[in-house]
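Here's the letter readout for the chains.
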Number of protein chains: 2
Amino acid sequence: MSESVSLTPLSRVRLAVDCMGGDHGPSVTLPACRAFLDSHPDVELLLVGTADALVPAAHWPRCTLVTATEVVAMDDTVEVALRRKKDSSMRIAISQLKLRDGVAKADACISAGNTGALMALARYLLKTLEGIDRPAIASVIPNVRGEFTTMLDLGANVDCSAEHLLQFAIMGSALVAAVEGKPNPTVGLLNIGSEVIKGSETIKRAGDLLRAAAASGHLNYHGNVEGNDIFEGTADIVVCDGFVGNVALKTTEGLAHALSQFIREEFTRNWLTKLAALVAMPVLKRFRARVDPRSYNGAALLGLQGLVFKSHGSADAYAFGRALSRAYDAAHNRLLDQVHDRIVETLQAMPALPGDQPVRPAA
Amino acid sequence: MSESVSLTPLSRVRLAVDCMGGDHGPSVTLPACRAFLDSHPDVELLLVGTADALVPAAHWPRCTLVTATEVVAMDDTVEVALRRKKDSSMRIAISQLKLRDGVAKADACISAGNTGALMALARYLLKTLEGIDRPAIASVIPNVRGEFTTMLDLGANVDCSAEHLLQFAIMGSALVAAVEGKPNPTVGLLNIGSEVIKGSETIKRAGDLLRAAAASGHLNYHGNVEGNDIFEGTADIVVCDGFVGNVALKTTEGLAHALSQFIREEFTRNWLTKLAALVAMPVLKRFRARVDPRSYNGAALLGLQGLVFKSHGSADAYAFGRALSRAYDAAHNRLLDQVHDRIVETLQAMPALPGDQPVRPAA
């Protein structure tokens, strides 16, 4: 990848879609792709799936059909996805991002297939970017400011060093700059208190690294944030290890589900409450739309030499369309180049800090 | 403490109350204590505070006033609380739990003061129980089964070994048995997947220890749980390190706050939605009551040679009363003896497992 690449947006965006992934496969992915083609005249799709499954798309405009003979199941192990199903739609979709003679067939790839397999295949086929030790999973959560908080890592890495957390901060900044249109987003380090003395040794050292990156002018570091700050929108980006991030995400999903069940139970208790529900319906619908997880579907696998996006496995066509949209935005705004440039610039500008692990990329 | 203590409930419960703690001090704690005395004829209170503050309680029944000359502020460091304010109401309240000639002046202590100071003072004054390396903070969260999930640790320990997590599981089981009336509660290990191969090395080893304790018949181990299971009520007790627990708790508080703000915004958007709010008010009130964090106020500091309970600093009289009630239930049902007995029995019955750290208590 050239370091002096121009960051003017792409005029034509090519998305490789694993049409077989997710709980519903082509019955969801194909309608979503069709609608996306209609609303995005500058997009070209590489639809990857079994020959049978792709029949409905045979004559769609700006589409190339790529056939695969195998499908990675939602409960397939990483081992099976990597070593046994070498002609899977997921694998072939990701392969479209590989450079051959400096050119890739697609600018981004989207799958609703199983996360472990997708991450393992993407890592194996694409490798990590220069300066990145480990890819991370990033997604957005709506906050009370009416904006989104981007959070990473959400489960790719159970143990993280301070250096990994710094890399996540840089990748997250590039993502938010490219997709949310904020050139200088703030980064918060997820911790159990706002004071710098809080947290484990790893977290404290991550704070040191983030402050150093901020001092060199390459990162907009807010400082520590706590769990509630995710929803306050205190920082644009919240950085944490994959264990903590996954627990926080699933806690969020669990509480949201529990509260909507409580609301439903209260409104269906008797005929009086049902009447109240009828009156309140338009308001409750607006509320539901506002917190609808489908509308912010699409997690980014960051740090790879290629843009890979993961849709929720249970996504419907609307939700899968949102994931296509996020992948499109990232590719259109050259996220890959932005991540690469930010990593190189930030790590090169970092002062030497006490500690064993190198934070600069190998020259 | 005798190992053969009878576990018949206490007929008289003596609670030491730090009346000065919390954001509101005596203006909240004293009315809460007065109401509690009226509703609990078997309770005796040791009210600890400055002489001035305690004047209103001078002639209350079943009350002993204990004067202190200092108050630990909400922003005092642990250092100040431990070394400088040696006559603080918090310190004196905890001291009532110390055995002198085998007898303590109180059965449990409650404070709404700052958590760090309370934990440090309690640990210094009371020491940990035999078999317990570190105390943990436990609290309850309502779940969709209409019950409560008990979670620990919520922030006392940022780094935990597998052995600590086992101890938390045993202490949590004793707490739920004593306070929630479930003699054999289930324990879940907070992880990022349900399979035993998930998680860090510490988590996997904790799983091994918990399975061994279950095999010996001393723990009802459910297996791994994820963030959403806290609200599903999948297990009665969820065990995790203090970093993860604190993030999950604050994430929960943050999301609950954000969602109620979203609901408020939608219902106050215009006159039509305000009308809908009026009709839906009784239902919304029931919903709010159901998720009201005041109603389950009162975290237990477990693993100490004395029962210490922490009220939220911002508690009002109702919420502080709930914390008194939890402390009362714990003391009434001899939680301290239950924790002690369970720890000794479980650790003695544990088979030897590979690993460096001893899991049995010193003989």
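Residues numbered from 1 in each chain as written. Chains lettered and ligands numbered in written order. Predicted model: local features only at pLDDT ≥ 70, side-chain atom pairs only at ≥ 80, totals over all residues. Heavy atoms only, no water.

## Details of the overall build of chain A
Line of reasoning, step 1. Of the regular secondary structure elements, chain A holds 12 helices and 11 strands.
Line of reasoning, step 2. Its C-alpha atoms give chain A a radius of gyration of 21 Å, within 12% of the compact-globule value 21 Å for 363 residues.
Line of reasoning, step 3. Across its three principal axes, chain A shows a C-alpha extent of roughly 60 × 60 × 40 Å.
Line of reasoning, step 4. The buried share among the 363 residues of chain A stands at 59%. (Helix = DSSP H or I, 4+ residues; strand = E, 2+ residues; numbered from the N terminus. Rg over C-alpha atoms; globule rule 2.2 N^0.38 Å. Buried < 20%, exposed > 50% of the residue type's maximum accessible area, 1.4 Å probe, protein only.)

## Comments concerning the packing of aromatic side chains
Line of reasoning, step 1. Evaluated as defined, the whole model comprises 4 aromatic pairs over all chains.
Line of reasoning, step 2. Each ring, one from F36 of chain B and one from Y328 of chain B, has its centre 6.0 Å from the other, and the planes form 70°; the classification is edge-to-face. Taken together, the residues span a long stretch of sequence, with F36 of chain B in helix α1 (residues 26-39) and Y328 of chain B in helix α11 (residues 317-332) at a distance of 292 residues. Comparing F36 of chain B with Y328 of chain B shows no difference in burial state: the two are buried.
Line of reasoning, step 3. One Lys or Arg, K127 of chain A, reaches over the ring of Y124 of chain A and ends 5.0 Å from the middle of that ring. (Phe/Tyr/Trp six-rings, centres within 6.5 Å; stacked < 30°, edge-to-face > 60°. Lys NZ or Arg CZ within 6 Å of the ring centre and 35° of its normal.)

## Comments concerning the sheet that holds strand β5 (residues 136-142) of chain B
All names here are of chain B.
Line of reasoning, step 1. Overall, mixed pairing links the 11 strands, which are arranged β3-β2-β1-β4-β11-β10-β5-β6-β9-β7-β8 in an open sheet. With one partner strand each, in any of the chains shown, β3 (63-67) and β8 (220-225) form the two edges of the open sheet. Within this sheet the neighbouring strands show an average axis-to-axis angle of 25°, counted without direction.
Line of reasoning, step 2. Taken together, the 5 bridges between strand β2 (residues 43-49) and β3 define a ladder with parallel strand orientation. Among the inter-strand pairings, G49 is bridged to a residue of β3, identified as T67.
Line of reasoning, step 3. On top of the sheet, α11 reaches β1 (13-18), β2, β4 (108-111), β5 and β11 (307-310); it is set at about 140° to β1, its chief contact. (Pairing = 2+ DSSP bridges. Axes fitted to C-alpha atoms, helices over the stretch in contact; angles between N-to-C directions. Contact = heavy atoms within 4.5 Å.)

## Remarks on the packing of helix α6 (residues 162-179) of chain B against helix α7 (residues 201-215) of chain B
Residues and elements named next belong to chain B.
Line of reasoning, step 1. Interaxial distance between α6 and α7 falls to 8 Å at its minimum, and their mutual angle equals 45°. The angle between α6 and α7 places the two elements in the oblique class. The hand of the α6/α7 crossing is right-handed. Judged by residue contacts, A162, E163, L165, L166 and A169 of α6 engage T202, I203, R205, A206, L209, L210 and A213 from α7.
Line of reasoning, step 2. For the contact of α6 with α7, a count of residues per class yields 9 nonpolar, 1 polar and 2 charged. (Parallel < 35°, antiparallel > 145°, perpendicular 65-115°, else oblique. Left-handed = near helix turned anticlockwise from the far one by under 90°. Nonpolar A, V, L, I, M, F, W, Y, C, P; charged D, E, K, R; others polar.)

## Some remarks on the relation of the copies chain B and chain A
Line of reasoning, step 1. Each copy of the sequence occupies a distinct position, and chain B is placed on chain A by a rotation of 180° and an axial shift of 0.0 Å, giving an RMSD of 0.0 Å. What the rotation and shift describe, once combined, is the action of a two-fold rotation axis.
Line of reasoning, step 2. Interface residue correspondence from chain B to chain A reaches 100%, placing this contact among same-surface, isologous pairings. (Least-squares fit on C-alpha atoms with pLDDT ≥ 70 in both.)

## Quick look at the interface of chain B and chain A
Line of reasoning, step 1. Chain B puts 49 residues into the contact, and the matching count from chain A is 49 residues.
Line of reasoning, step 2. For the pair chain B and chain A, the summed buried area comes to about 4600 Å², and 75% of that belongs to carbon and sulfur atoms.
Line of reasoning, step 3. Our enumeration of links across chain B and chain A arrives at 4 salt bridges.
Line of reasoning, step 4. K250 of chain A is paired through a salt bridge with E226 of chain B; the nearest N and O atoms lie 2.2 Å apart.
Line of reasoning, step 5. Where chain B packs against chain A, one counts 7 residue pairs in polar contact (both at pLDDT 80 or more). (Buried area = accessible area lost by both parts, 1.4 Å probe. Salt bridge = Lys/Arg side-chain N within 4 Å of Asp/Glu carboxyl O. Polar contact = N/O pair within 3.5 Å; in protein donor to acceptor, adjacent residues only side chain to side chain.)

## Section: a positive patch on the surface
Residue and element names in this part refer to chain A.
Line of reasoning, step 1. Together, K98, R100, K105 and K127 make up a region of like positive charge exposed at the surface.
Line of reasoning, step 2. Tracing the chain through its elements places K98 in the loop between α4 (89-95) and β4 (108-111).
Line of reasoning, step 3. Given the relative accessible area of 30%, K98 is considered partly exposed. (Patch = residues over 30% accessible without salt bridge, like charges linked within 9 Å, V, L, I, M, F, W, Y side chains within 5 Å. Areas by Shrake-Rupley, 256 points an atom, 1.4 Å probe, with all protein chains shown as cover. Lys, Arg positive; Asp, Glu negative; His and termini not counted. Charge placed at Lys NZ, Arg CZ, Asp CG, Glu CD.)

## Quick word on the pairing of strand β5 (residues 136-142) of chain A
Residue and element names in this part refer to chain A.
Line of reasoning, step 1. Among the 7 residues in β5, 7 count as buried, and that is most of the element.
Line of reasoning, step 2. The alternating pattern of β5 places A136, A138, V140 and P142 on one face and I137, S139 and I141 on the opposite face, and all of these are buried.
Line of reasoning, step 3. Relative to strand β10 (residues 299-302), β5 runs antiparallel, the two being bridged by 3 bridges. Residue pairing for β10: I137 is matched across the bridge by L301.
Line of reasoning, step 4. In this structure, the hairpin formed by β5 and strand β6 (residues 148-152) is closed by a connection of 5 residues, where G146 is found at a positive phi of approximately 80°.

## Concerning a nonpolar patch on the surface
Line of reasoning, step 1. Nonpolar side chains collect at one region of the surface, where W271, L272, L275, L278 and V279 of chain A together with W271, L272, L275, L278 and V279 of chain B lie side by side and expose about 1100 Å² of accessible area between them.
Line of reasoning, step 2. The set of elements that each furnish at least two residues to the nonpolar patch consists of α10 (271-290) of chain A together with α10 (271-290) of chain B.
Line of reasoning, step 3. Considering the arrangement of structural elements, one finds L275 of chain B in helix α10.

## Quick word on the sheet that holds β10 of chain A
Residue and element names in this part refer to chain A.
Line of reasoning, step 1. Read from one edge of the open sheet, 11 strands run β3-β2-β1-β4-β11-β10-β5-β6-β9-β7-β8, paired in mixed fashion. A strand with exactly one partner marks an edge of an open sheet, and here the two such strands are β3 (63-67) and β8 (220-225). Averaged over neighbouring strand pairs, the angle between their axes works out to 25° when direction is ignored.
Line of reasoning, step 2. Of the strand pairs in this sheet, β6 and strand β9 (residues 237-239) are connected by 3 bridges, and their pairing is parallel. In the sheet register, T150 faces β9, and the bridge partner there is I237.
Line of reasoning, step 3. Set on the sheet, helix α5 (residues 115-126) makes contact with β4, β5, β10 and β11 (307-310); between it and β11 the angle comes to about 175°.
Line of reasoning, step 4. Across the sheet, helix α7 (residues 201-215) is in contact with β7 (186-190) and β8; its angle to β7 comes to roughly 170°.

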